[in-house]
Amino acid sequence: MTEAINLKAGMIFEKDGKLIKVLETNHHKPGKGNTVMQMKLNDVRSGAIVQTTMRPTEKVELAIIDKKTAQYLYRQDDVAYFMDLDTYEQYEVQVKTIKTEFDYLVPNLEVQLNFCKGELIGLDLPTTVDLKVAETEPNIKGATAASGGKPATMETGVVVTVPNFIEKGEVLTINTTDGTYKQRAQN
């Protein structure tokens, strides 16, 4: 058991038979009244996102999460397939439950699958991934990294703001936590 004031983004707890993932927390002290925790929560199984408040002293049961290293294989219809790198066992994940993570999945990418009581509940991406630029505006002559940026559609479909000198076909390192350009990929 832990108090709501100790919850941080990424933590998962159980409440009323549901697995809830904390997306955002904000400690709020209104002018009058008691302090509350404003939270953005995600029901892991249904994908529903809710905004709620909790008292800082309210206790919740943290879920015990087991992690396995797996490799993303492919997508077929609305299902993504992963393979455990130790046992070669394959896992199926509904794409709708990993919408934000799916923007960064490329074949053979290693991820951490999260299990709670034997149930696959989600995945954790590496901090950065290398993606190829599928489409962007033409290179602007004399452009520098400091001159703003332009949108680029990556091979997975995610749109990232990149420096003006980036061209179609280049492989870039993208931060998966906030979707930002880091650098050109090292070969």
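Please refer to the structure higher up on the page.
Quick caveat: nothing in here was measured; it's all calculated off a predicted structure.

Asker: Where do I start with the nonpolar core in this structure?
Answerer: Soluble globular proteins tend to pack their nonpolar side chains together in the buried interior. Among the nonpolar cores identified, the biggest contains 29 residues, and F82, I98, L105, V111, L113, L131 and M154 are the most heavily contacted of them. Among the elements of the structure, strand 7 (66–76), strand 8 (79–84), strand 9 (90–94), strand 10 (110–116), strand 12 (128–136), strand 13 (150–154), strand 14 (159–162) and strand 15 (171–175) are those that each provide at least two residues to this core. Core analysis: the second largest hydrophobic core is formed by ten residues, F13, M37, M39 and M54 among them.

Asker: Would you explain the sheet that holds strand 7 in this entry?
Answerer: Hydrogen bonds along the backbone pair up the strands of a sheet, which may run parallel or antiparallel. In spatial order, the strands read 9-8-7-10-11; together these five strands make up an open sheet with antiparallel pairing. Lying at the two open borders of the sheet, with one neighbouring strand each, are strand 9 and strand 11 (119–124). On average, each strand axis in the sheet is inclined to that of its neighbour by 45 degrees, with strand direction left out of account. As paired strands, strand 7 and strand 10 are joined by six bridges and run antiparallel to one another. Looking across to strand 10, one finds that Q71 is bridged to E110.

Asker: In this structure, what is going on with the sheet that holds strand 6 (residues 59–62)? I would like to understand it.
Answerer: Taken together, six strands build an open sheet; the order of strands is 1-6-2-3-4-5 and the sheet is antiparallel. Of all strands in the sheet, those with a lone pairing partner are strand 1 (2–3) and strand 5 (49–54), marking the two edges. Relative to strand 5, strand 4 (residues 36–43) is paired through six bridges, and the arrangement is antiparallel. The partner of M37 across the bridge, within strand 5, is M54.

Asker: When you look at the environment of D78 in this model, what are you seeing that I'm missing?
Answerer: When you line up the elements, D78 lands in the loop between strand 7 and strand 8. Judged by its relative accessible area of 49%, D78 falls in the partly exposed class. Through-space distance from the C-alpha of D78 to that of H27 is 38 Å; in sequence the pair is 51 residues apart. Not counting residues up to four positions away in its chain, the partners in contact with D78 are V93, Q94 and V95.

Here is what the cut-offs are and how they apply
Residues numbered from 1 in each chain as written. Predicted model: local features only at pLDDT ≥ 70, side-chain atom pairs only at ≥ 80, totals over all residues. Heavy atoms only, no water. Core = buried A, V, L, I, M, F, W, Y, C linked by side-chain atoms within 4.5 Å. Buried < 20%, exposed > 50% of the residue type's maximum accessible area, 1.4 Å probe, protein only. Helix = DSSP H or I, 4+ residues; strand = E, 2+ residues; numbered from the N terminus. Pairing = 2+ DSSP bridges. Axes fitted to C-alpha atoms, helices over the stretch in contact; angles between N-to-C directions. Contact = heavy atoms within 4.5 Å.

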